[in-house]
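Now for the letters of each chain:
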Amino acid sequence: MSEGAYQCLWAASHVTLQELLDQEQPLLEPVPSQDRQSFQYKISMLYLHYLELLRQFDTIYDQMVQPQKRRLLQRLLNGVVGRVLELKDELVRVDLCETHCLDRVLQDLKMTPANLEVPIPKYFQLEQSSAVKEREVMLAEILSRLEPVSSQEGFPEMPRTEAIILVQSAERARQGRLRATLMREIRKEEERDQRIREDGRHRFSSDQGAVIIQKVWKGYQQRKRVKQDRHTEMEFIGMLPSPNQTEHMGILSQAFLGEETRRLRQMEKEEEFQLAIAKTHDSLIDTEGPDMREKMKDQIRQWFIECHALTGRFPDYPDEALGGSSLIFADKTPEQVRMDLEMQAQESKKSKEQEKGKDKEKSEKKKKKKGKEGKTRKGEADTMLKILPSKFIPVINAGHEEYINQWKNRHESAHPSQSFDPETLQEEKRKEVELEIRIQVDELMRQELRNLRLAVDKEEGRLLKTPKKKTGKKTGKKKKEKDLTPDRSVESLYEELVIFGLLKKSETVALKDYVGDCLYLGSTLSLANKLPMPSLFDIRQNMALYAVLRLGSPDIHSVAPLIRSILLVGPSGTGKKMLVQAVCTETGANLFDLSPDNLMGKYPGKNGVQMMVHMVFKVARLLQPSVIWIGNAEKTFYKKIPKEERKMDPKRIKKDLAKAMRLLNPGDRVMLIGTTDRPQLAEMKGLCRLYERILFMPRPDYASRYVLWKHMIEAQGAQVSQNLDISALSKVSDGYTAGHILQAIQSVVTERRLLQLSKRPLVASEFVGHLAKLDPVYREEEESLKDWYYKTPLGKKNAKLSKDQQEAEEAKLAKEKKKRK
Ligand SMILES: Nc1ncnc2c1ncn2[C@@H]1O[C@H](COP(=O)(O)OP(=O)(O)OP(=O)(O)O)[C@@H](O)[C@H]1O
């Protein structure tokens, strides 16, 4: 696509954005809970539109070359991502469920399930900071130092004679098999000859012979023609991939090349822009700086004189924290400024006095308040649904306005090379330079004011500064974390964690490799009062929303609703570990492994655990983004520790972990992800308190199994031909997880089998035998996991909601019946 095309897309995105911003205001009005469905519908619409916008801004930001536009686009992109996250939270609050059936909304908006996919901004990976890359190198270097030991352990050496015997016996077996097949064929030939000799030859006339040959030939030809027609028909209706795949691939690679070229141009233009920033700054300081300085001084002096003439004394100089002298010229008269400053001083005095009094009253009031307000507010909140005010809308609004004022009506022919715009740059830099100079001028003028007071008013001891804002109190309330390793560098802590196996290299897995289709009949199921199970597609979207989008950008994390931890619950093989690794790959996060099995024998004792948790969280925070993974998360909260695991003491990190998690604030891009397949063994309260979100991962449904079979066979290097009935395979593999399916495929599609594919295509029956050897997820196991999930806080709320809704419906029906009578 050309620059013009991206420009058009940008303009179109802002038209949509304007429409969305207009729809935001009405949603802030509270809605009675009876209208839950229409409220949910409205939020879902907005959510889907923002998702679409996110996709567009991501494409434009990825390909636009002009550096100033890209800066604005990044702000807009982050704003839209943040809004999507906020709307997702709203959906959870309204639905009281982690997954939502948006099929009806999709249909109304004429969208496809592909529009539900949460796009991960490409810049997360492309613009990963150099620090992240350096860290990867550092980890690889430490691991390579450790490797020789493990590789020696992994492969025990075999004595030479033993190896020769092994090779010889394998070779003899091969020769034996060959000879046996040869002998079998010779024997068969002999038997056939003997049978012909015994039967005697059947004689055909020449006409009979001709008819037989014609029959066979015509049949063969017709079958061939029908097969060909069927193939072209299937190709035509898009049921088969077109034969010219190479052409298709060529077009794709050409497009990819084009995108890469634009990215290279982006870098060139960015470098140019960085140079220009430094140059403009210096030239502004040299050319306009002295004038600015003098003008400011004159203005401030004038203010001194006017104030003195009006009030009889010189004013107090505004504090630096309040913006220094810029406060004076914010369209206010000297009198107003003096009043403001005095008011501030008085207010701070008052508030001090009030605070003392308040402390006493507080405890009494608290008790009363809790009783009264708690009841009324709770009652209201229960009956009214309302969207929370957004923190990202102001950001989006500001970006939207900037686009309209600066870029919308600009004729691009003025900047054909897509270089930066010097005028805009100068304007921006002028403001910055003005601020810098003002700080210097303020320093000088403060001194001048002091001298003036001495000379004119003969005042000496008066305070020049207005009282400072209290900043320490609020932060002082929160407990500060003690640094247990103040004298150690991050690098040394990092190395220690790698050596102890607490920091691991994560496998490279993209989130899109977690394949799975969505639930197409979700709304129909919920209408029939059947709680739909989350599909694999839902799980992937939730991981993108809760983990990847939050960890990927510091700007988004610090403003978006905070989520510190996720628990993935599902039977073995449903891809829990894979998702953890995908989050690390997509965001470039460190992977810390705090699984109880991994901690066995490491950092013993109470102090040891404290130190270990401290080190993990310190490194995780300093080298963010980070993922802290706890496999078999139920073990940390065991109701009763099994005898064989007592030695491991799996619960020892429980307290320190909870403490460390509480200290994570917005902006600390650290996420705890727990995985478990037996959550029933853990105490519910503790587990649900530590993990803020719980995602239930059931076994895949038919649609997901279909795409899993297809994707995994292709990933193994085999082409899925018409001979392979994927539908049948999906049907018979009900109850098996993605892990099972992968195992079956790996045992069938071996290298040897791949070589035979041209002569002997794959068929469904080959997989069935291998699948049958594996244990599926039994209904009892799944039911017990479901039961557990319904006992979680969100599960309980959801159950209550559906019960209430059912009761309300029944009451309505009963009323209608009465009326009819
Ligand atoms: N949806 C999926 N798409 C592609 N591959 C998948 C999917 N789900 C699982 N897999 C594959 O299945 C295998 C098993 O997955 P994984 O080990 O992540 O499961 P798990 O739930 O963590 O299992 P366990 O509870 O036994 O540790 C992995 O190789 C993974 O790549």
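Residues numbered from 1 in each chain as written. Predicted model: local features only at pLDDT ≥ 70, side-chain atom pairs only at ≥ 80, totals over all residues. Heavy atoms only, no water.

**A short note on the environment of leucine 549**
Mapped onto the fold, leucine 549 is located in helix H17 (residues 536-552). Classification of leucine 549 by relative accessible area gives buried; the value is 0%. Put simply, leucine 549 and arginine 263 are 286 residues apart on the chain and 22 Å apart in space, counted from C-alpha to C-alpha. Apart from the residues within four sequence positions on either side, leucine 549 is in contact with Val81, Leu85, Val118, Pro119, Ile120, Pro121, Phe124, Ala544 and Ile556. (Helix = DSSP H or I, 4+ residues; strand = E, 2+ residues; numbered from the N terminus. Buried < 20%, exposed > 50% of the residue type's maximum accessible area, 1.4 Å probe, protein only. Contact = heavy atoms within 4.5 Å.)

**Regarding the confidence of the model for the protein**
The pLDDT averaged across the protein works out to 81; a share of 85% of its residues lies at or above 70. Note on residues 368-381: pLDDT under 50 across the span, and 3 contacts to partners over four residues away in sequence or across chains. Across residues 463-477 the pLDDT falls below 50, and counting only partners more than four positions away or on other chains, this stretch makes 18 contacts in the model. Complex prediction metrics read pTM 0.77 and ipTM 0.97. (pLDDT = per-residue confidence, 0-100.)

**Looking at the packing of H17 against helix H19 (residues 576-587)**
For the pair H17 and H19, interaxial distance at closest approach is 10 Å and the crossing angle is 40°. The orientation of H17 relative to H19 falls into the category oblique. Read as a crossing pair, H17 and H19 show a hand that is right-handed. For the pair H17 and H19, the contacting residues are Ile539, Met543, Ala547, Val548, Leu551 and Gly552 in the first and Leu579, Val583, Glu586 and Thr587 in the second. Of the residues belonging to the contact of H17 with H19, the class tally is 7 nonpolar, 2 polar and 1 charged. (Axes fitted to C-alpha atoms, helices over the stretch in contact; angles between N-to-C directions. Parallel < 35°, antiparallel > 145°, perpendicular 65-115°, else oblique. Left-handed = near helix turned anticlockwise from the far one by under 90°. Nonpolar A, V, L, I, M, F, W, Y, C, P; charged D, E, K, R; others polar.)

**Considerations on the side chain of aspartate 58**
Mapped onto the elements, aspartate 58 comes out in helix H2 (residues 36-63). Among the polar contacts listed, one links the side chain of aspartate 58 to the backbone nitrogen of lysine 122, at a separation of 3.0 Å. For aspartate 58, the contacting residues outside a window of four places in its chain are Leu77, Ile120, Pro121 and Lys122. (Polar contact = N/O pair within 3.5 Å; in protein donor to acceptor, adjacent residues only side chain to side chain.)

**Here's the deal with the packing of aromatic side chains**
Applying the stated criterion across every chain yields a total of 9 aromatic pairs. Residues phenylalanine 500 and tyrosine 603 carry aromatic rings whose centres are separated by 4.8 Å and whose planes lie at 40° to one another, so their mutual orientation is tilted. With phenylalanine 500 in the loop between helix H15 (490-499) and strand S3 (503-504) and tyrosine 603 in the loop between helix H20 (596-599) and helix H21 (605-622), the pair connects residues that are 103 residues apart, well separated along the chain. Taking relative accessible area as the criterion, phenylalanine 500 reaches 35% and is therefore assigned partly exposed. Judged by its relative accessible area of 10%, tyrosine 603 falls in the buried class. Sitting above the plane of the tyrosine 61 ring, arginine 70 keeps its charged end 4.3 Å from the centroid. (Phe/Tyr/Trp six-rings, centres within 6.5 Å; stacked < 30°, edge-to-face > 60°. Lys NZ or Arg CZ within 6 Å of the ring centre and 35° of its normal.)

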